[in-house]
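Per-entry structural report
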Amino acid sequence: MTRASFWSALRARWKVLLPVAVVGIGVLAWLVFGVFAVQTLFIDDTVDEASPVFTAGPGASGLPSDAISAELASDMNEEMAADSVPVLAEVDQPPPEMGIEAEPDQPTESTEPAQAVEPVEPVVVTLVDGVFMDRSHPTSGRALVLNDGSTQRFLRFEDFETDNGPDLNVYLSSAAPDASVDQLGADFVDLGDLKGNVGPQNYEIPPDVDLDRYSTVVVWCVRFGVAFGSAGLTPPS
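Residues numbered from 1 in each chain as written. Predicted model: local features only at pLDDT ≥ 70, side-chain atom pairs only at ≥ 80, totals over all residues. Heavy atoms only, no water.

**A short note on the overall build of the protein chain**
Helix and strand content of the protein chain: three helices and nine strands. For the protein chain, the succession of helices and strands along the chain, N to C, is α-α-β-β-β-β-β-α-β-β-β-β. Counting only contacts in the protein chain whose residues sit at least 6 apart along the sequence, the fraction spanning at least 24 positions is 65%. Total accessible area on the protein chain is roughly 16500 Å²; 59% of this is exposed by carbon and sulfur atoms. (Helix = DSSP H or I, 4+ residues; strand = E, 2+ residues; numbered from the N terminus. Contact = heavy atoms within 4.5 Å. Areas by Shrake-Rupley, 256 points an atom, 1.4 Å probe, with all protein chains shown as cover.)

Put into structure tokens, the structure is as follows:
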């Protein structure tokens, strides 16, 4: 084979192999970055949420039954503003004297202004809590459920850290924290996407969720069915 024919054959083969190589590289990049999201292992999603704000807390008495919504409070304010206040009519002439002797002035009782009732700040308590344990990835921190005496409850992570990964969600599972992956993912309540793999964060728990049953917090990778970390929730001692 001459040198010219060799280079001609090489160019012909390269024209065939180049598209295949480009497609192969594209598929590999999609698997690495799109499916397995390898880049997330090197990038932390850090959050720093303050303690949750309860919007359905007790009223000034401290009793849940006395709570009113913001909409109801606004309606009451508008209703009071709409009520007309009677105005005394002014007259040009003083009223005629009736001939009645005025009684000596009597001492009047001093009236102190009514003291404003200070609203009672709702007390936020920890219903249950637990410490994260490693599952498929190193995970640390504390999980606790907060309540202010109303029907609202929040799951809060403190000093939390785990590996980043694709499609991570927060589950409340009925299985034990050290149960198999199949058991952890069999019966659960999904509280939504993990907000960050590092830092404090809050998740509201639906009122109808029974924490006696769903007593395990799981950081769950939905895409691959993997538990990154878990924490059992028990009443604080």
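That covers the picture; the talk isn't over yet.
**Focus on unusual backbone geometry**
Not every positive phi belongs to a glycine, and D159 is a case in point at roughly 50°. Along the chain, D159 falls in strand β4 (residues 153-162). Notably, D167 is not glycine yet its phi reads approximately 55°, a positive angle. With respect to the helices and strands, D167 occurs in the loop between β4 and β5 (168-173). Under the relative-accessibility criterion, D167 is labelled partly exposed at 34%. (Buried < 20%, exposed > 50% of the residue type's maximum accessible area, 1.4 Å probe, protein only.)

**What to know about the packing of aromatic side chains**
Inspection of every chain in the model, using the stated rule, returns seven aromatic pairs. Ring geometry for F157 and F160: centres 4.8 Å apart, planes at 40°, overall tilted. As far as burial versus exposure is concerned, F157 and F160 are alike and both buried. Plain terms: the ring middles of F157 and Y203 are 5.5 Å apart, the flat faces sit at 50° to each other, and that makes the pair tilted. Here F157 is found in strand β4, whereas its partner Y203 is found in strand β7 (residues 201-205), with 46 residues between them in sequence. As far as the burial class goes, F157 and Y203 line up, both buried. (Phe/Tyr/Trp six-rings, centres within 6.5 Å; stacked < 30°, edge-to-face > 60°.)

**Regarding the nonpolar core**
Ranked by size, the top nonpolar core spans 24 residues in total, and within it L155, F157, L172 and V217 carry the most contacts. Those elements giving two or more residues to this core turn out to be β3 (139-147), β4, β5, β6 (188-193), β7, β8 (216-221) and β9 (226-232). Excluding its chain neighbours within four sequence positions, the residues that come into contact with V217 are F132, A143, L155, F157, V170, Y171, L172, G229, S230, A231 and L233. A175, V218, W220 and A227 belong to the second-largest nonpolar core, a separate cluster that totals seven residues. (Core = buried A, V, L, I, M, F, W, Y, C linked by side-chain atoms within 4.5 Å.)

**Focus on the environment of L233**
Position of L233 relative to the elements: it lies in the segment after β9. It is 8.8 Å that separates the C-alpha atoms of L233 and Y214, two residues lying 19 residues apart in sequence. Non-local contacts of L233, meaning those with residues more than four positions away in its chain, are made with V128, D129, G130, A143, V145, L172, S215 and V217.

**Considering the sheet that holds strand β1 (residues 125-131)**
Adjacent strands of a sheet pair through backbone hydrogen bonds, lying either parallel or antiparallel. Read across the sheet, four strands follow the order β1-β3-β4-β7 without closing on themselves; strand pairing throughout is antiparallel. Each having just a single partner strand, β1 and β7 make up the two edges of the open sheet. Averaged over all pairs of adjacent strands, the angle between strand axes in this sheet comes to 20°, irrespective of strand direction. Bridge count for β1 against β3 is six bridges, and the pairing is antiparallel. When the bridges of β3 are listed, V131 appears paired with R142. (Pairing = 2+ DSSP bridges. Axes fitted to C-alpha atoms, helices over the stretch in contact; angles between N-to-C directions.)

**Some remarks on the sheet that holds β5**
Spatially, the five strands line up as an open sheet ordered β2-β9-β8-β5-β6, and their pairing is antiparallel. With partners counted over all chains shown, the strands left at the sheet margins are β2 (133-134) and β6, one partner each.

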